[in-house]
Amino acid sequence: MLFVLHYKVTVGVLIAFVILATSREHIGEPIACMHDDSISVKVINQFCWVNGTHSIPSAYDKVIGAEVVYPGIAQGTGEDIVYHKYYQWVAFILFLQAVMFYFPRYLWKLWEGGKMKMLLLELYSPIMEEEEKNKKITLLHNYFANNLRMHNGYLYRYVACEFINFVNILGQIYLTDRFLGWEFLTFGSRVMQYVSDNGPTYTDPMIRVFPRLTKCTFYNHGRSGTIQFIDALCVLPLNIVNEKIYIFLWFWFMSLAIITGVNLIYRLVTLQIATFRVLLLRARAVLIPISVISTVVQRVQVGDWFVLYLLSKNMHHLVFAELMERLYDTVGKKPINSKSEKEYL
């Protein structure tokens, strides 16, 4: 389920946002600049889109109409100016993130090599000839009997992919935060605070991160050869879309990071505590006596248990119960070799 959230749901959401960010049919042109000069509007628009626009952070909380014409629009030089160029790269970054979210899934499929599909032998179907079913269960039982204690690598590769998922989501949060000028990490919490306040006395944080009106300076040679600069105001309608995209991604990334972190703790507990593995397998196979499950789990290694657990999630419960009974007959007859096995049983 965790892999589905990463490689299917998240990738699907990001691809949908890529399409939305690159579509101009519904949001018009990505930038529209206005100025009082003879320079072509098309030239100004293209120049400001390519070279970026800027705003003044100190002007965000000033009174509109009295001190500033719009939040972030004022005269400023040097360190007072913040330049905005990220909107040119939004679609590319989102696509890159989609690829990175799919990578752990690709790696697992490469490592897994279709092993689970092979072991299932179509035993997930409740409708099957008795002779055919017994033959396939026998094949699966013989496989486990001959390959016990040889599946730890399978489990560890799966855990490695889960850990890569966790590292990836943390990396995506960091990448997005850096991409948006270190504004993403607290973006959602600031938006929630702004929305929850009655009559907020400060500027909407979405406008701070995704300004809808910015400035652009265009330099040109005058008739006498002197350098002239044209100060243009630029409307960025695309940021109306971008702010909604990233407020959703903030909530989704933070939730996914928490879920993935909790899953790693759960996986660690599973690897360390045999009783927990018994309870998990029992929850998937309620028809099997707990004594049977306990004996099998104690006599096999954690990798073998993991393969059995995956089979229990994909195999018909009656077929899985019969497989476990046969494994019990096999491993239950083995001599108890260790003190820990004696204490457990």
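Below is a short write-up of the structure. (Residues numbered from 1 in each chain as written. Predicted model: local features only at pLDDT ≥ 70, side-chain atom pairs only at ≥ 80, totals over all residues. Heavy atoms only, no water.)

1. Considerations on the state of the cysteines
Following the criterion strictly, the structure yields two disulfides and no others. Residue pairing for Cys33: its cysteine sulfur links by disulfide to Cys234, the two sulfurs lying 2.0 Å apart. One disulfide, between Cys33 and Cys234, carries an S-S torsion of 105° and so falls in the right-handed class. Residue Cys33 is found in strand 1 (residues 32–34), and its partner Cys234 is found in strand 5 (residues 227–235); the two are separated by 201 residues along the sequence. Both residues of the pair, Cys33 and Cys234, belong to the buried class. Each disulfide pairs two cysteine sulfurs, and for Cys48 the partner residue is Cys216, the sulfurs being separated by 2.1 Å. One disulfide, between Cys48 and Cys216, carries an S-S torsion of -95° and so falls in the left-handed class. On the criterion of sequence distance, the pair formed by Cys48 in helix 2 (residues 41–51) and Cys216 in strand 4 (residues 213–221) is long-range, its members being 168 residues apart. Cys48 sits in the buried class, given a relative accessible area of 0%. Each disulfide in the chain links cysteines that, numbered along the sequence, combine into the pattern 1-4, 2-3. (Disulfide = S-S within 2.5 Å. Helix = DSSP H or I, 4+ residues; strand = E, 2+ residues; numbered from the N terminus. Buried < 20%, exposed > 50% of the residue type's maximum accessible area, 1.4 Å probe, protein only.)

2. Remarks on the side chain of Asn152
Mapped onto the secondary structure, Asn152 falls in helix 6 (residues 152–179). In contact with Asn152, not counting residues within four places along its chain, are Gln301, Val302 and Gly303. (Contact = heavy atoms within 4.5 Å.)

3. Section: the nonpolar core
Core analysis: the biggest nonpolar cluster contains 46 residues, and Leu94, Leu180, Phe187, Ile245, Tyr246 and Leu249 have the highest contact counts within it. At 10 residues, helix 9 (residues 238–272) tops the list of elements feeding residues into this core. Each residue touching Ile245, except ones within four places of it in the same chain, is listed here: Phe17, Leu20, Ala21 and Leu94. Within the second largest apolar cluster, 44 residues are counted, among which are Leu107, Leu119, Val159 and Phe306. (Core = buried A, V, L, I, M, F, W, Y, C linked by side-chain atoms within 4.5 Å.)

4. Quick word on the packing of helix 9 against helix 10 (residues 274–284)
Close contact between helix 9 and helix 10 brings their axes to 5 Å; oriented N to C, the two are set at 110°. Judged by the inter-axis angle, helix 9 sits roughly perpendicular to helix 10. Between helix 9 and helix 10, the contacting residues are Tyr266, Val269, Thr270, Leu271 and Gln272 on the first element and Ala274, Phe276, Arg277 and Leu280 on the second. Taken together, the residues of the contact of helix 9 with helix 10 sort by class into six nonpolar, two polar and one charged. (Axes fitted to C-alpha atoms, helices over the stretch in contact; angles between N-to-C directions. Parallel < 35°, antiparallel > 145°, perpendicular 65-115°, else oblique. Nonpolar A, V, L, I, M, F, W, Y, C, P; charged D, E, K, R; others polar.)

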